[in-house]
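If you want the building blocks of each chain, they are given just below.
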Amino acid sequence: MKQYTIKYGNSSYNVVADNQDEAIDKIRARLSSQDELSDLETAGAAATQFAESAFGIGDELNAILRGVGGSIYDVFNTDMDLSQALSANFDYNRNIAAARQQLQQFEEENPLLSGAATGAGLLAGIATPIGVIGKGASLGRAAGIGAGYGAGFGALSGEEVEGRVEGALSGALLGGVFGVGAQKLGQKLDGIVKNPNASAVDEVAEITDQTNWTDVNEDFRWWDKMFVGVSDAIRRRISPELGGRVQRADESAMRQKGIENAEFVENTNMQSVINLWNKDDKFAGMVLDYAQGQKPVGELIGYVSKELDSDAAQALVRYIDWSKKSNALFNERLGKNQDATDYLHTQRVGKITKRRQLSRRERASDYIEDFADDEINMPIDRAQLKRTRELAEEGLNVRDYANPFLTNAQRIHNNNRLLQLQEKFDIKKLNKGADGLMDALEKKFQERGINKFGSRDARNAIAMMLKGQNNSANAWIKSLQNSGYSVLAGPKTVLLNFHDIPTAVWNNGVASIRGLVNRAASKSADVRRLGIEQNYGEFIQNIPAASNKLSAGERAEMITKSITDKVMKFGGFQTADRVAKNQVLKTVAQDTLDRVNNNTLRQRWGTYFKPSEMARIEGAVKRTGGDVTKMNAKEQKLYDELLTLGLGQQQLISAAGRPIGWLNNPNLRPLWMMRGFAIKHNTLLSEKIVDKWKAGDKAGAAKAAATYLALPGISYAGMNVGRNELFKEDYEPSAEEFMFSLLDSVLGPITLNSIGVGSSYERSELVKDPAKAILSSALPPTGLYGDVAEGIVQAIAREDADELGNIVADHPLYKQWAAFFD
């Protein structure tokens, strides 16, 4: 007898036999005696294969998890205590042998899936050192990092001590060579910023901030108007510099609104004053007369102190002081009413008469989007004209007017949007209102090298962005949206918030993951400090109810909003959203610090900031290590804007991220529900992969695609399988489910969530009737309304009142937790 090495399938086996035929028979017998892997074992083997290919530690991780899993099982299902279970299950040599045997069997039974897991692992392994090395590293640093990774991976892949030493030495040698290659590749791929022919002379000339901006010179396409955020569409089709500053301006105004609303409007004491206006006609008349300059402020404060308390009176004092300063600033820089004393914006209840719809020919000629039909952003505010309305004491019907505290606050916020645009585009003081600013912006765009057609398109897009924030859907439609969003309150959806983190690591580079444990980054990365809340992204639409004359639809809207807010809060969505946003901000902060140290910050953010602003940010980050608490006010302002831009690249946080179609069609906004995340990711994928490919940078496009699969893709697949196992009835995790979820991570952003394959139900519906499945996905979720309707219909159809219980039982908050405990 002799030993034969036989290749069978994708594996080789050592067998002792008399001849080769006998050896093959023995292998077949050995394999046939093994039970096929279960779905759960197959999924575990696929994960092991991925980790083994990426980092050389798949079998080790499998062995450790076997020990942990076995110990947990024995504690709950046998008489063993924890120490006995650990002792019985943590036989490392036995566990690692079992892991390797399972991996070998997996390769035989599932060669295609094994190959896919191996390929994804290799891509992740390659992406990690590339991301950490970065394009700005010196050759020595690149070689060192590459050698370190190579040594680590080589050592981990060795079987015994000698094998690990040998693996470390060979890995270090190859890794060093690879590190230098990655550094060169990074320089080659990422060094092409906007102008591949730019020289050092060009950079010096740009310090004056007077060089021309990049003129992309493309038309807005239907897709851009319907499914790309305003600032992203401007950046890609007109000018990167122009779009970047629009995004900065709108996000800065959004953060300012969040901070000032919390301090002056939404606090408990001021809310009691606002409610007093809604209920008390005498107080309402006093406020309206004060706004007309006919009632001293002291009477208002005294009345509030008497009817409410001194804390409410102090809140009113703070509000009026804020209003006076805000209006005075606007009047100085842009408005026409030079005296902001005793001024509150007042607005009659009722709809504004819209201009007639322009024909296609008129729109194609020389169309200008103005503010003639915008009550708040009009060039001349009606409240700034000579005040001729009668006083409350003379019989004015105070309920013909909306709550001045709310409409005035809304006007201040809108004014601040205009002021932010004026500041970001370096427009000097001009007292010509919103339309005057639009004229100045269009002129500025042309002066900086943008053609007249692009300048006009940009002007109109900005005007639509400003006005669209004031357009509100019909109250019943908003009520339907509020109801639909309640489906996000279930724990399955809450967990998906954390998918933002691997997406951020992909967007900001693998090295940015260090920001999650960087204390300086943690101080800076706080959405509450920045004034960013979940409500500014997907869920809130201006303007708040400003009248106590509420229709049935408006009352339904308020009720559904209150219910949705509560389930979002108590279901954990708000907390998870805030935590995930903070982690994204940390990766942006870390990437900023790394880029400052490598002198590459301008390659990423140079189109968003002036050279002088970039220099200030670089100096502040170098001096403080990115610790915002050590920066002065000007440095902190710019640094906070940069952090917000990084978050806004992948999340919908301001109106600048909304498509023009959404802004212009308030009653159709339900069609965009649940697509904000996908819209931002679609744009990221287009820029990082498609645009690079079209530009001829196929290596860069391939790198971005590979890292997307290895980071957001793999993590989403794991999350989706895991959350379904925890919170879904009749679900069995499997390798097939994992791979479908991986595919879903790509299809979701590409199709804006119109095609889903992440669940067996979605796949079956898609196979059964593709057109119907895609059309159904375009319809908004009905949420609570849908549950109520279905419960009533079923109760009538089955003549069983108990069916009404499904109204509660079918809600995700109840249903998913019930599945978890079951």
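Residues numbered from 1 in each chain as written. Predicted model: local features only at pLDDT ≥ 70, side-chain atom pairs only at ≥ 80, totals over all residues. Heavy atoms only, no water.

A.B. asks: I'd like a rundown of the overall build of the protein chain, residues and numbers included.
C.D. replies: From N to C terminus, the protein chain includes 39 helices and two strands. Scored against the burial criterion, the 822 residues of the protein chain give a buried share of 51%. A sequence separation of at least 24 residues applies to 71% of the contacts in the protein chain between residues at least 6 apart. Element-wise, carbon and sulfur atoms account for 56% of the exposed surface of the protein chain, whose accessible area totals about 38500 Å². (Helix = DSSP H or I, 4+ residues; strand = E, 2+ residues; numbered from the N terminus. Buried < 20%, exposed > 50% of the residue type's maximum accessible area, 1.4 Å probe, protein only. Contact = heavy atoms within 4.5 Å. Areas by Shrake-Rupley, 256 points an atom, 1.4 Å probe, with all protein chains shown as cover.)

A.B. asks: Any details on a negative patch on the surface? Residues and values, ideally.
C.D. replies: A cluster of acidic side chains, namely Glu725, Glu729, Asp730, Glu732 and Asp822, defines a negative patch on the protein surface. Along the polypeptide, Asp730 turns up in the loop between helix H33 (698-727) and helix H34 (735-750). (Patch = residues over 30% accessible without salt bridge, like charges linked within 9 Å, V, L, I, M, F, W, Y side chains within 5 Å. Salt bridge = Lys/Arg side-chain N within 4 Å of Asp/Glu carboxyl O. Lys, Arg positive; Asp, Glu negative; His and termini not counted. Charge placed at Lys NZ, Arg CZ, Asp CG, Glu CD.)

A.B. asks: Mind laying out the environment of Asp321, listing which residues take part and the relevant values?
C.D. replies: Along the chain, Asp321 falls in helix H16 (residues 310-333). For Asp321, a relative accessible area of 37% puts it in the partly exposed group. Between the C-alpha atom of Asp321 and that of Thr341, which follows or precedes it by 20 residues, the distance is 9.5 Å.

A.B. asks: Explain the nonpolar core to me, using residue names and the numbers behind them.
C.D. replies: Ranked by size, the top nonpolar core spans 43 residues in total, and within it Ile234, Leu242, Phe425, Met438, Phe445 and Ile462 carry the most contacts. Put simply, the parts of the chain that give this core at least two residues each are helix H11 (230-237), helix H12 (240-265), helix H18 (404-424), helix H19 (433-447), helix H20 (452-468), helix H31 (660-664) and helix H32 (676-694). The element contributing the most residues to this core is H20, with seven residues. Not counting chain neighbours up to four residues away, the residues in contact with Leu242 comprise Trp213, Ile234, Phe425, Phe445, Ile450 and Ala458. (Core = buried A, V, L, I, M, F, W, Y, C linked by side-chain atoms within 4.5 Å.)

A.B. asks: Quick one: what's the story with the pattern of salt bridges, residue by residue and with numbers?
C.D. replies: Following the criterion strictly, the structure yields 34 salt bridges and no others. Linking Asp321 and Lys325 is a salt bridge whose minimum nitrogen-to-oxygen distance equals 3.3 Å. Pair noted here: Asp321 and Lys325 are both in helix H16, with a separation of four residues, about one helical turn. Residue classification places Lys325 among the exposed positions, given a relative accessible area of 56%. For Asp565, the salt bridge identified is with Lys561, shortest N-O distance 2.7 Å. Pair noted here: Asp565 and Lys561 are both in helix H26 (residues 552-570), with a separation of four residues, about one helical turn. Among the residues examined, Lys561 registers a relative accessible area of 31% and is labelled partly exposed. One continuous salt-bridge network, built from bridges that share partners, spans Arg248, Glu423, Lys424, Glu613, Lys637 and Glu641.

A.B. asks: Which residues make up the packing of aromatic side chains, and what values do they have?
C.D. replies: According to the stated counting rule, one finds 11 aromatic pairs in the structure shown. On the numbers, 5.2 Å between centres and 10° between planes, the contact of Phe264 with Trp322 is stacked. One end of the pair, Phe264, is in helix H12; the other, Trp322, is in helix H16, with 58 residues separating them in the sequence. Across the pair, exposure class does not vary: Phe264 and Trp322 are buried alike. Among the aromatic residues, those joined into a cluster by ring pairs are Phe264, Phe283, Tyr303, Tyr319, Trp322 and Phe405. A cation over a ring is seen here: Arg399 above Trp277, with NZ or CZ 4.8 Å from the ring centre. Stacked on the ring of Phe740, the Lys or Arg Arg763 has its end atom at 4.1 Å from the ring centre. (Phe/Tyr/Trp six-rings, centres within 6.5 Å; stacked < 30°, edge-to-face > 60°. Lys NZ or Arg CZ within 6 Å of the ring centre and 35° of its normal.)

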